[in-house]
Amino acid sequence: MVRLILKTELRSLFNYWKSLGETKMVLYIILGLLLLLFPLPMLVSVIFSLTLSFNESVLDGYILLLSITSAAVLTLLSLHFIIKDMILDRSVQLYLSFPISAAELFFAKFIKHVLIYAASILLPLGAVLGTALSMRFGQWMLLADSLVYFSVLSIFIVSLAYAFIFLTANILPIRKISEILSFLGAISFILVYLVLFLIGDAFTGMTARLSDMPVSFSGFLYDYEVLSGSLAVLLLIAAAVLAFKAAELISVRALSRGWEAGGRTVRKHRTADGRVRHPIGSLMEKDLRLTTRNFKEIAALLPYYLMPLLFIYFSTSVDAGSAPEAIGASQLLVTAIGGTLVISLFIGAYNTARDAEHFAMLKALPLSGRHIAGAKYGFTLLTTVPVVMAAFAVVWLFSSAGIGVLLQLLVFITLVSMAAVPVGMYIGSANPVVSSKNPVKRLDTASNIVITVAIFAALVLTAIILGVLGDDGASPVQLLTAGGVLLVLALSSLWMLRKVGARYDQGFKITYKD
């Protein structure tokens, strides 16, 4: 049965590839070739040069750093794709409807994930590191040990991911698993880039401390000795078997429990309180419920709420080995304006495009497009401005700016959001998308391109303005001028809001996919 499941998974992968269409196939092939031609050779050469150049006293720390980095990336990727494959994909229930046991299904899926992650990440890393160590020490047995080490590490990490995911499934009710784990899956995919970003940025400072790492790979991964090398291999294999058995015990129990429960939910009916509410308030409550009822909604919006941190990072220049300087007033104000602009554009577009799913219901309501657009505008402001204010208030605590700058910061965030939200709503109402396979995909390609261009433009303008202001900061005249311009833009954007209301009256041009 395990072999049959693996053949079915392979056939499904080929069918998915065939269904992509020629355009996407060519695009993926080009991206793969670019990856093979540029980043991968560069990474291999860096690992080779570092392995051959480091002193033997820092080799232990260097190998440990490589192991931790690859394990962190593999853990986050495993969480994302195992959740997608085992929790969100309905093929698991289809498999279990046949005479296939939960243990057989787990074993087949485990082999699939280990092969994918080991073959794509850890085995190439083990081959590169092992080859470099073998060339340095003249012991080709180090290559085999390196492959064994990273293979066992991949098994251990995938086992840990399975155990975590299905331990959650054992503890929580079935109806909550999909929402929570899909949220974690989306966040983990974002954290992959964050881990690589932070480790790469801090690598220069870490190299000086590698000799102090409390671990030794001597006799196993370098300077090979038969006794210690053989013992290490046996211990690693035993650890991999134990990790696999623990993951199997937890996962099989969760799979059996989930199939028996059937994922059925019991809805609780609430009695109405009989109050008559204003239409705008009711529509804002509707949007709030649509956002908070499903973790997928939050996961889709969270990267954009974190965007100001990216602006702050890129606007801060810190030399390697030097202490970071406190954030200045002008830097804080300019990054707040850029970050608020990006968040407001995307959140406004996303919330407006979401109405395409239930647009027929909105048209049936005895409300004008002006009321619906006003409710959307108010809801987006309430879910954008306080969050950005709180984020930059925390950043202000670690800056050298005074209380006056904080007040200016709050005013600028409000004005930028008031000006940008209607523009985002106009973008989102242009050609919204309704996808059955990917419900959180609500913006078409053109809208995504416009917002992406706006993000890069905001980053460039932030850097330019900071360069113009320099260390002296903004003068009172410049601040008053910027505030006046933002106030005019915020008031004039109400004209854009009327255009959005007219689109609600006329009807959206909705694109249905899948």
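The following paragraphs examine the structure supplied in this document.

Conventions used here
Residues numbered from 1 in each chain as written. Predicted model: local features only at pLDDT ≥ 70, side-chain atom pairs only at ≥ 80, totals over all residues. Heavy atoms only, no water. Axes fitted to C-alpha atoms, helices over the stretch in contact; angles between N-to-C directions. Helix = DSSP H or I, 4+ residues; strand = E, 2+ residues; numbered from the N terminus. Parallel < 35°, antiparallel > 145°, perpendicular 65-115°, else oblique. Left-handed = near helix turned anticlockwise from the far one by under 90°. Contact = heavy atoms within 4.5 Å. Nonpolar A, V, L, I, M, F, W, Y, C, P; charged D, E, K, R; others polar. Buried < 20%, exposed > 50% of the residue type's maximum accessible area, 1.4 Å probe, protein only. Polar contact = N/O pair within 3.5 Å; in protein donor to acceptor, adjacent residues only side chain to side chain. Core = buried A, V, L, I, M, F, W, Y, C linked by side-chain atoms within 4.5 Å.

Quick look at the packing of helix α13 (residues 329–354) against helix α15 (residues 369–397) now. Put simply, α13 and α15 touch, their axes get as near as 10 Å, and they point 150° apart. Compared by their axis directions, α13 and α15 come out roughly antiparallel. The way α13 lies across α15 gives a crossing that is right-handed. Counting all contacts with α13, which are made through Leu332, Thr335, Ala336, Thr340, Ile343, Ser344, Ile347, Gly348, Asn351, Thr352 and Arg354, the residues of α15 involved are Lys376, Phe379, Thr380, Thr383, Thr384, Val388, Phe392, Val395 and Trp396. Its residues assigned to classes, the contact of α13 with α15 comprises 9 nonpolar, 9 polar and 2 charged.

Glancing now at the side chain of serine 78. You can see serine 78 is positioned in helix α4 (residues 59–88). Relative accessible area serves as the criterion here: at 0%, serine 78 is assigned to the buried category. Reaching out from serine 78, the side chain makes a polar contact with the backbone oxygen of leucine 74 at a distance of 2.6 Å. Those residues in contact with serine 78, other than ones at most four positions away along the chain, are Ile83, Tyr117, Ile157, Val158 and Ala161.

Counting 52 residues, the largest nonpolar core has Tyr62, Ile63, Ile82 and Tyr162 as its most contacted members. Those elements that provide at least two residues to this core are α1 (2–18), α4, α5 (91–96), α6 (102–137), α7 (141–171) and α9 (226–261). Considering each element in turn, this core owes the most residues, 12 residues, to α6. In terms of nonpolar packing, the next biggest core, distinct from the first, is built from 50 residues, Phe346, Leu406, Ala458 and Leu479 among them.

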